[in-house]
Amino acid sequence: DEDGDSSDWIEIHNPTTQAVDLSGWRLTDDPAAPGKWTFPTRTLGPGEFLLVWASGKDRRAAGPLHTNFRLDALGEYLALRSPASAIPTSEFAPRFPVQETDISYGTPSGANTIDLLAKAPVWMLIPTSADALPSNWAAPGPNPG
């Protein structure tokens, strides 16, 4: 982050063709505290992404945003809620999976995904379960499996 700390982060994406006012939107890592961290006045344009640091620093002024909570690398609940709804707009429940250092995790965004294969030589492995991973699945170089 801007302090040189290696904090986890959450990426917010507006897949619509309309700008979204994030004022009052909320992030939480606790299903019993749906309003744990609230966005300040900030507009997210059509197709734009916003990085929010899950650093525990609780920064909402101009500049980079920081939640008042950190993420557990062993996995935990995480949700984004609109100001008008008790139902999460997006959530990882009961928890997102165990995280690896310097590896991002997320869900595909359907028609709004970028076709990386058309722009760069990469291999993608989408296992059907954790048991389906070959022992060398994280090996560098050409497709290991």
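Residues numbered from 1 in each chain as written. Predicted model: local features only at pLDDT ≥ 70, side-chain atom pairs only at ≥ 80, totals over all residues. Heavy atoms only, no water.

### Description of the pattern of salt bridges
The condition that has to hold: One speaks of a salt bridge when a side-chain nitrogen belonging to Lys or Arg is within 4 Å of a carboxyl oxygen belonging to Asp or Glu. Helical segments are the DSSP runs of H or I of at least four residues, strand segments are the runs of E of at least two, and each set is numbered from the N terminus. Exposure classes here rest on a 1.4 Å probe applied to the protein chains alone. A residue is buried below 20% of its type maximum, exposed above 50%, and partly exposed in between.
Counted under the stated rule, the structure contains seven salt bridges. The partner of D1 in a salt bridge is K57, with the nearest N and O atoms 2.7 Å apart. Taken together, the residues D1 in the segment before β1 (8-13) and K57 in the loop between β6 (49-54) and β7 (65-66) connect sequence positions 56 residues apart. When its relative accessible area of 24% is taken as the criterion, K57 is described as partly exposed. Salt-bridge contacts for R59 lead to E2; the nearest nitrogen and oxygen are separated by 2.8 Å.

### Thoughts on the side chain of R26
Counted only if it meets this: The positive count covers Lys and Arg only, the negative count covers Asp and Glu only, and His and the chain ends enter neither. Polar contact is defined as a pair of N or O atoms within 3.5 Å, subject to the rule that within protein one atom must be able to donate a hydrogen and the other to accept it, and that residues adjacent in sequence are counted only when both atoms are side-chain atoms. Two residues qualify as a contact provided that any one of their heavy atoms is within 4.5 Å of a heavy atom in the partner residue.
Note on placement: R26 falls in strand β3 (residues 26-28). Buried charged residue R26 carries no salt bridge. Nearest counter-charge: E91, at 11 Å. A polar contact is formed between the side chain of R26 and the backbone oxygen of S82, at a distance of 2.5 Å. Contacts of R26, omitting those with residues within four sequence positions, involve P34, G35, W37, T38, F39, A79, L80, R81, S82, P83 and S85.

### Describing the sheet that holds β6
The cut-off we apply is this: Whether two strands pair depends on DSSP finding at least two bridges between them.
Reading across the sheet, the three strands line up as β1-β6-β7 and stay open at both edges, with mixed pairing between neighbours. If you trace the sheet from one side to the other, it starts and ends with β1 and β7, each paired once. Inspection of the sheet shows β1 paired to β6 by six bridges, in the antiparallel sense. Considered in β6, the bridge of D8 is made with A54.

### Remarks on the environment of I87
Tracing the sequence through the fold places I87 in the loop between β8 (78-81) and β9 (90-92). Between the C-alpha atoms of I87 and P34, which are 53 residues apart in sequence, the distance is 9.5 Å.

### Here we look at the side chain of H66
Counting through the fold element by element, H66 comes out in strand β7. Among the polar contacts made by the side chain of H66, one reaches the side chain of E2 at a distance of 2.9 Å. Setting aside chain neighbours within four positions, we find H66 in contact with D1, E2, W37, W53, S55, K57, D58 and R59.

### Here we look at the sheet that holds β3
As summarised here, the arrangement of the four strands in space is β4-β3-β8-β9, forming an open sheet in which the pairing is antiparallel. Looking along the sheet, the strands with just one partner apiece sit at the ends: β4 (37-38) and β9. Of the pairings in the sheet, the one linking β3 to β4 comprises two bridges and is antiparallel in character. By the bridge assignment, R26 is partnered in β4 with T38.

### Comments concerning the nonpolar core
For clarity, the threshold we go by: The term nonpolar core refers to a set of buried residues drawn from Ala, Val, Leu, Ile, Met, Phe, Trp, Tyr and Cys, joined through side-chain atoms within 4.5 Å.
Counting residues in each nonpolar core, the largest one holds 17 residues, and the members touching the most others are I10, I12, L27, F39, L50 and V52. Contributions of two or more residues to this core are made by β1, β6 and β8. Considering every element that reaches this core, the biggest residue donor is β6, with three residues. Each residue touching L27, except ones within four places of it in the same chain, is listed here: I10, I12, K36, W37, F39, V52, T67, F69, A79 and L80.

That is the geometry; function is a separate question.
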